[in-house]
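In case you want the letters, here they are:
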Amino acid sequence: MARAPGIKVRSRDAERARRLLKQQGALDTNLRVKHGNGVVFPLAKPSVELGDIPYRAVEEDFEERRHGDAFQRLLAKLGCRLSSFDVIGDIAILEIPEGFEDHGEEIGEALIEARKSIKVVLKKSSAVEGEERLRRFGHLAGERRTETVHREHGCLFKLDVSKVFFSPRLSYERQRIMEQVREGEKVLDMFAGVGPYSIVIARHRPARIAGYDINPHAIEYFKVNIRLNKVAERVEAVLGDSTRLAERQGFDRAIMNLPRKGREHFASALEVIKKGGGMIHYYGSSSRENPFEEELHLLESCALEAGRRIRVKGRRIVRSYSPSEVHIAVDLEVIA
Ligand SMILES: C[S@@+](CC[C@H](N)C(=O)[O-])C[C@H]1O[C@@H](n2cnc3c(N)ncnc32)[C@H](O)[C@@H]1O
């Protein structure tokens, strides 16, 4: 514990206060913020400007961020700017910047010391590649394994990061789509992986979901995850190509989470949506300069050719792929 000056604000003002303190370099990041009856921020300097936010100056004992420091201090000492990293279950996946390759293990060990929940640190050794969207990894620190259990939206996902695709960055997307599903719907998860979209929907909505994947490892884990999350009544995991489903039609909703090939398979998604209409959740990769126009034009032409009409119900940029490329999500209503 360390005695330090701080300011106390109401919980509802805490996020705004944190932002302002950070902007002013006034937050002491070596100490932990205290939550309880209000929020107490430890201060690195005595004078702060919080605009219209009411606050009280205090002096209190704060817990020290002993562990976090090891990692941050090492990065600062090396002058290494690490982009934000993914944590899947208890595995952290880092991208070691050029010029710092020799420090990878040291950085990995510092991270394990800093974050008690992390047991394995891997580095990205390739881009996401191939039909199955896999990446190669190198071991940096901790236990030598690539299998873990990830928790999201009250669901558990067992998976091996070297054998299947999984991105924790799509967590909001899964929630966003789940919230649109209505009772009794028939949903097709065309590129399902280990089942995160299917299972999040099934856990929260009384719908029936069929999830397909061509990667046998993904389907193996998908089946394990169906059991882990007790959704066997609602979800079916199928090993196979979802773009050749002529015999399976009549879906209310299709999820197309295969961004770089979405366009190629859009006609297949249109085919499986029932005659009366439904929804397609489309993911694509586009230019940052003009993320939607060209893509939507192509999808509209494709729908016209298939004799169906589509209407854009929602669209958003999910994240950045590179300085020039973004990952987009478009919700399309198939009218008839
Ligand atoms: C970008 S990943 C998405 C996985 C999952 N939806 C998720 O959010 O974690 C795309 C998945 O589609 C699978 N895939 C690629 N082509 C396919 C096809 N024609 N039919 C079914 N699955 C396919 C890949 O194996 C991969 O697991």
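Which residues make up the environment of arginine 115, and what are the values?
Of note, arginine 115 is situated in the loop between helix H3 (104–114) and strand E7 (120–124). Linking arginine 115 and valine 9, residues 106 residues apart in sequence, is a C-alpha distance of 28 Å. Beyond its immediate chain neighbours, meaning those up to four positions away, arginine 115 contacts Phe85 and Val87.

Tell me what's going on with the packing of aromatic side chains, and back it up with residues and numbers.
According to the stated counting rule, one finds four aromatic pairs in the structure shown. Their ring planes at 40° and their centres at 6.1 Å tell us that phenylalanine 157 and phenylalanine 166 sit as a pair that is tilted. Here the guanidinium or amino end of lysine 34 rests over the ring plane of phenylalanine 62, the centre of that ring lying 5.5 Å away. Cation over ring: arginine 260 sits above tyrosine 321, and NZ or CZ is 4.4 Å from the ring centre.

How would you sum up helix H5 (residues 196–204)? Please name residues and give values.
Taking burial as the measure, the nine residues of H5 include seven buried ones, the bulk of the element. Among the residues of H5, Pro196, Tyr197, Ser198, Ile199, Val200, Ile201 and Ala202 are the ones counted as buried.

Give a description of the environment of threonine 146 that names residues and reports values.
Of note, threonine 146 is situated in the loop between strand E8 (137–142) and strand E9 (147–152). The spacing of threonine 146 and lysine 163 is 17 residues in sequence and 8.7 Å in space, taken between C-alpha atoms. One polar contact links threonine 146 to serine 162, side chain to side chain, over a distance of 3.5 Å.

Describe the sheet that holds E8, naming the residues involved and giving the relevant values.
Reading across the sheet, the four strands line up as E5-E6-E7-E8 and stay open at both edges, with mixed pairing between neighbours. Each edge of the open sheet is held by one strand with a lone partner, namely strand E5 (86–88) and E8. Going across the sheet, the axis of each strand differs from the next one's by a mean of 25°, ignoring polarity. Here E5 runs beside strand E6 (residues 91–94); their pairing, made up of three bridges, is antiparallel. When the sheet's bridge partners are listed, aspartate 86 is paired in E6 with isoleucine 93. Across the sheet, H3 touches E6, E7 and E8, and the angle it forms with E8 is around 50°.

Go over the pairing of strand E10 (residues 155–160), please, and point to the residues and values.
Two elements, E9 and E10, share six bridges in a ladder whose sense is antiparallel. Bridged to histidine 150 within E10 is phenylalanine 157. Two successive antiparallel strands, E9 and E10, enclose a turn made up of two residues, where histidine 153 displays a positive phi of approximately 50°.

Give a description of the pattern of salt bridges that names residues and reports values.
Inspection of the entire model under this criterion finds 25 salt bridges. A salt bridge links arginine 18 to glutamate 15, with the shortest nitrogen-to-oxygen separation between them at 3.5 Å. Taken together, the residues span about one helical turn, with arginine 18 and glutamate 15 both in helix H1 (residues 14–23) at a distance of three residues. You can call arginine 18 partly exposed: its relative accessible area is 25%. Judged by relative accessible area, which is 48%, glutamate 15 ranks as partly exposed. In this structure, glutamate 173 and arginine 176 form a salt bridge, with 3.0 Å as the shortest nitrogen-oxygen distance. You can see glutamate 173 and its partner arginine 176 sitting in helix H4 (residues 171–178), three residues apart, about one turn around the helix.

Got a sec to walk through the nonpolar core? Specific residues and values, please.
Leu159, Ile201 and Phe222 are the most contacted members of the largest nonpolar core, which totals 37 residues. Contributions of two or more residues to this core are made by E6, E7, E10, H4, H5, helix H6 (216–228) and strand E13 (235–239). Counting 28 residues, the second-largest nonpolar core is a separate cluster that includes Tyr212, Ile280, Ala303 and Val334.

Hey, could you go over the site of the ligand for me, with residue numbers and the actual values?
Not every one of the 22 residues close to the ligand is listed here, only the nearest: Phe191, Asp213, Asp241, Ser242 and Asn257. Between the ligand and aspartate 213 there is a distance of 2.6 Å, counted from an oxygen atom to a side-chain nitrogen or oxygen. Within the side chain of asparagine 257, an N or O atom sits 2.9 Å from an oxygen atom of the ligand. Starting from 600 Å² of accessible surface for the ligand in isolation, the protein chains cover 98%. Contributions of two or more residues to the shell around the ligand are made by H5 and strand E12 (208–213). Its residues assigned to classes, the shell around the ligand comprises 10 nonpolar, six polar and six charged.

How each quantity is defined
- Residues numbered from 1 in each chain as written.
- Predicted model: local features only at pLDDT ≥ 70, side-chain atom pairs only at ≥ 80, totals over all residues.
- Heavy atoms only, no water.
- Helix = DSSP H or I, 4+ residues; strand = E, 2+ residues; numbered from the N terminus.
- Contact = heavy atoms within 4.5 Å.
- Phe/Tyr/Trp six-rings, centres within 6.5 Å; stacked < 30°, edge-to-face > 60°.
- Lys NZ or Arg CZ within 6 Å of the ring centre and 35° of its normal.
- Buried < 20%, exposed > 50% of the residue type's maximum accessible area, 1.4 Å probe, protein only.
- Polar contact = N/O pair within 3.5 Å; in protein donor to acceptor, adjacent residues only side chain to side chain.
- Pairing = 2+ DSSP bridges.
- Axes fitted to C-alpha atoms, helices over the stretch in contact; angles between N-to-C directions.
- Salt bridge = Lys/Arg side-chain N within 4 Å of Asp/Glu carboxyl O.
- Core = buried A, V, L, I, M, F, W, Y, C linked by side-chain atoms within 4.5 Å.
- Near = heavy atom within 4 Å.
- Areas by Shrake-Rupley, 256 points an atom, 1.4 Å probe, with all protein chains shown as cover.
- Nonpolar A, V, L, I, M, F, W, Y, C, P; charged D, E, K, R; others polar.

Note that all results are geometric; they support no functional claim without further evidence.
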